[in-house]
Amino acid sequence: MVKGASKVEVLSKDKSWKAKVIQLDSLNDLAVLQVEGMQLPAIPIRQSTDVKVGQTVFTVGFPNIELQGSNPKMTKGDISSITGLQDSPTCWQISVPIQTGNSGGPLIDEDGNVIGVIVSRLNSGQDASGNSVPTQNVNYAVKSAYLLPMLSGLDVKILSNKKKWFLKTFESVVEDAERSVVMILVY
């Protein structure tokens, strides 16, 4: 989405920050942005190797801001498959509902670790008779294994996995994520 953009902005608490694209992986639809002077809590990134089918995951993002508003929205689902479209090894198939505007947002496990980046959803298909069949909750996120190499050469502190404290509620994990996710506008 940022390839060829004339301007990229990050919005946080009604303040706009200029963002600079410093890494781009067009093949996996990933970008790393740099924002000078902005301080946000970091979210740990978990390796993709031990993520399992059926694991609960969520995302926080800013879908359809013209209709749904500019406050962050959380949606929750599961890892449906360890591979993406046509068994691509780069993505998870997820049942997390996503809309326009969720792309680029984190896919987070119940412990609060990023395990992927939201990239796409499956559009309506056709049945054997050629009738349009809507798809529901067939969405994709690039695995963290493809994000981590982009960060390795940069001056970015990568936090190690964290395990949820047994007294920490799912709601508090979501609140932590909301403090770290910002709206990105691309022009």
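Before reading further, recall that the structure is shown in the block above.
(A) Up close: helix 2 (residues 144-152). Among all positions of helix 2, only S144, L147, L148, M150 and L151 are buried. For helix 2, the angular spread of the buried residues around the axis is 160°, confining them to a single face. Turned more than 90 degrees from where helix 2 packs its buried face, P149 and S152 sit exposed. Those residues of helix 2 that are buried are in contact with strand 2 (15-25), strand 3 (30-35), strand 8 (114-121) and strand 11 (139-143).

(B) Up close: the sheet that holds strand 3. Overall, antiparallel pairing links the 4 strands, which are arranged 3-2-1-12 in an open sheet. With one partner strand each, in any of the chains shown, strand 3 and strand 12 (183-186) form the two edges of the open sheet. Across the sheet, the mean angle separating the axes of adjacent strands is 40° when strand polarity is ignored. In this structure, strand 1 (residues 8-12) lies alongside strand 12, joined through 4 bridges in antiparallel fashion. If you follow E9 over to strand 12, its bridge partner there is L185. On top of the sheet, helix 2 reaches strand 2 and strand 3; it is set at about 40° to strand 3, its chief contact.

(C) View of the sheet that holds strand 4 (residues 56-61). Here 6 strands make up a closed barrel; going around it, the order is 4-5-6-11-8-7 and the pairing antiparallel. Going across the sheet, the axis of each strand differs from the next one's by a mean of 45°, ignoring polarity. Across 2 bridges, the pairing between strand 5 (residues 73-81) and strand 6 (residues 91-94) is antiparallel. Pairing of I79 across the sheet is with I94, part of strand 6. Across the sheet, helix 2 lies against strand 8 and strand 11, angled at about 40° from strand 11, the strand it touches most. Sitting on the sheet, helix 3 (residues 170-180) touches strand 4, strand 5 and strand 7 (106-109), and the angle it makes with strand 4 is about 35°.

(D) Focus on the side chain of S95. Note that S95 resides in the loop between strand 6 and strand 7. At a separation of 2.8 Å, a polar atom in the side chain of S95 contacts the main-chain amide nitrogen of D78. When near neighbours in sequence (up to four residues on either side) are disregarded, S95 contacts G77, D78, S80 and N137.

(E) Layout of the environment of Q23. Relative to the elements of secondary structure, Q23 occurs in strand 2. Taking relative accessible area as the criterion, Q23 reaches 28% and is therefore assigned partly exposed. Discounting residues that sit within four places of it in the chain, Q23 has contacts with L30, A31, V32, M150 and L154.

So, how was this worked out
Residues numbered from 1 in each chain as written. Predicted model: local features only at pLDDT ≥ 70, side-chain atom pairs only at ≥ 80, totals over all residues. Heavy atoms only, no water. Buried < 20%, exposed > 50% of the residue type's maximum accessible area, 1.4 Å probe, protein only. Helix = DSSP H or I, 4+ residues; strand = E, 2+ residues; numbered from the N terminus. Arc of directions from axis to C-beta. Contact = heavy atoms within 4.5 Å. Pairing = 2+ DSSP bridges. Axes fitted to C-alpha atoms, helices over the stretch in contact; angles between N-to-C directions. Polar contact = N/O pair within 3.5 Å; in protein donor to acceptor, adjacent residues only side chain to side chain.

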